[in-house]
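Working through the structure, step by step
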Amino acid sequence: MSLDVREARMADAELLWRWANDRETRRNSFSKAAIPYADHVAWLERRLASEATRTWIFSDAEVPIGQVRFDMSGEIAEVGITVAPEQRGRGYARAMLRQAVRRLREERGDRVRPRASVLARNAASLRLFKACGFEEVATARRDGEPVIVLELTSVVS
């Protein structure tokens, strides 16, 4: 599955805010609280201005279906992924993640190491990352909850 992809921009603020505040998204996030719109806009402005962040919006037939964001720190690229609530269960997450990793490595080189920190109870995200070649490298606790840390060290097909 090949999807259309473009860089996020400020005009996406409301769309990204709605996705971020979806009930399921909040439940599987480290912070459970709803995000006020003004806070989201300020956060997005900082992320879009940062050379250390890459955020892409994915679409299928011009319908936005999700986003993938990488926050770089050295060779580590911490990944965040969101699929629009109405688009879940259609295989989009796997296609988005694979395309995003390829694009990131085209820009930053093969030495970049995508990393995901996933709540241990989030079975769907764990399946997604493992299906895309991520391997468990550590466990941790965050705000009292167990977290699985996964990294991708190979090239994504």
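**What about the overall build of the protein?**
Counting secondary structure elements, the protein contains 5 helices and 7 strands. Listed by position from the N terminus, the elements making up the protein come as β-α-α-α-β-β-β-α-β-α-β-β. The C-alpha extent of the protein, read off along each of the three principal axes, is 35 × 35 × 30 Å. Within the protein, the fraction of its 157 residues that count as buried is 43%. Here the protein has roughly 8500 Å² of accessible surface; of this, 48% comes from carbon and sulfur atoms. A distance of 4 Å separates the average location of the 27 positive side-chain charges in the protein from that of its 23 negative side-chain charges.

**Looking at the packing of aromatic side chains**
Taken as a whole and assessed by the stated rule, the structure comprises 3 aromatic pairs. Ring centres of Trp-17 and Tyr-37 lie 5.1 Å apart, and the angle between their planes is 80 degrees; on these two criteria the pair is classed as edge-to-face. Taken together, the positions of Trp-17 in helix 1 (residues 13-20) and Tyr-37 in helix 3 (residues 37-49) put the pair 20 residues apart, joining distant regions of the chain. Accessibility expressed as a relative area gives 36% for Tyr-37, which makes it partly exposed.

**Here's the deal with the pattern of salt bridges**
Taken as a whole, this structure holds 12 salt bridges when the rule is applied. Glu-145 is the salt-bridge partner of Lys-32, the closest N and O atoms lying 3.4 Å from each other. With Lys-32 in the loop between helix 2 (23-27) and helix 3 and Glu-145 in strand 7 (residues 145-151), this residue pair connects regions lying 113 residues apart in the sequence. Relative accessible area serves as the criterion here: at 36%, Lys-32 is assigned to the partly exposed category. Via salt bridges that share partners, Glu-7, Arg-54 and Glu-107 belong to a single interconnected network.

**Observations concerning the packing of helix 4 (residues 92-108) against helix 5 (residues 123-131)**
Between two packed helices, both the angle of their axes relative to each other and the distance between the axes serve to describe the pair. Interaxial distance between helix 4 and helix 5 falls to 10 Å at its minimum, and their mutual angle equals 45 degrees. Classified by the angle their axes make, helix 4 and helix 5 are oblique. Note that helix 4 runs across helix 5; the crossing there is right-handed. Here helix 4 contributes Ala-93, Arg-94, Leu-97 and Arg-98 to the contact with helix 5, which in turn contributes Leu-128, Phe-129 and Ala-131. Here the residues of the contact of helix 4 with helix 5 are counted per class, giving 5 nonpolar, no polar and 2 charged.

Analysis parameters
- Residues numbered from 1 in each chain as written.
- Predicted model: local features only at pLDDT ≥ 70, side-chain atom pairs only at ≥ 80, totals over all residues.
- Heavy atoms only, no water.
- Helix = DSSP H or I, 4+ residues; strand = E, 2+ residues; numbered from the N terminus.
- Buried < 20%, exposed > 50% of the residue type's maximum accessible area, 1.4 Å probe, protein only.
- Areas by Shrake-Rupley, 256 points an atom, 1.4 Å probe, with all protein chains shown as cover.
- Lys, Arg positive; Asp, Glu negative; His and termini not counted.
- Charge placed at Lys NZ, Arg CZ, Asp CG, Glu CD.
- Phe/Tyr/Trp six-rings, centres within 6.5 Å; stacked < 30°, edge-to-face > 60°.
- Salt bridge = Lys/Arg side-chain N within 4 Å of Asp/Glu carboxyl O.
- Axes fitted to C-alpha atoms, helices over the stretch in contact; angles between N-to-C directions.
- Parallel < 35°, antiparallel > 145°, perpendicular 65-115°, else oblique.
- Left-handed = near helix turned anticlockwise from the far one by under 90°.
- Contact = heavy atoms within 4.5 Å.
- Nonpolar A, V, L, I, M, F, W, Y, C, P; charged D, E, K, R; others polar.

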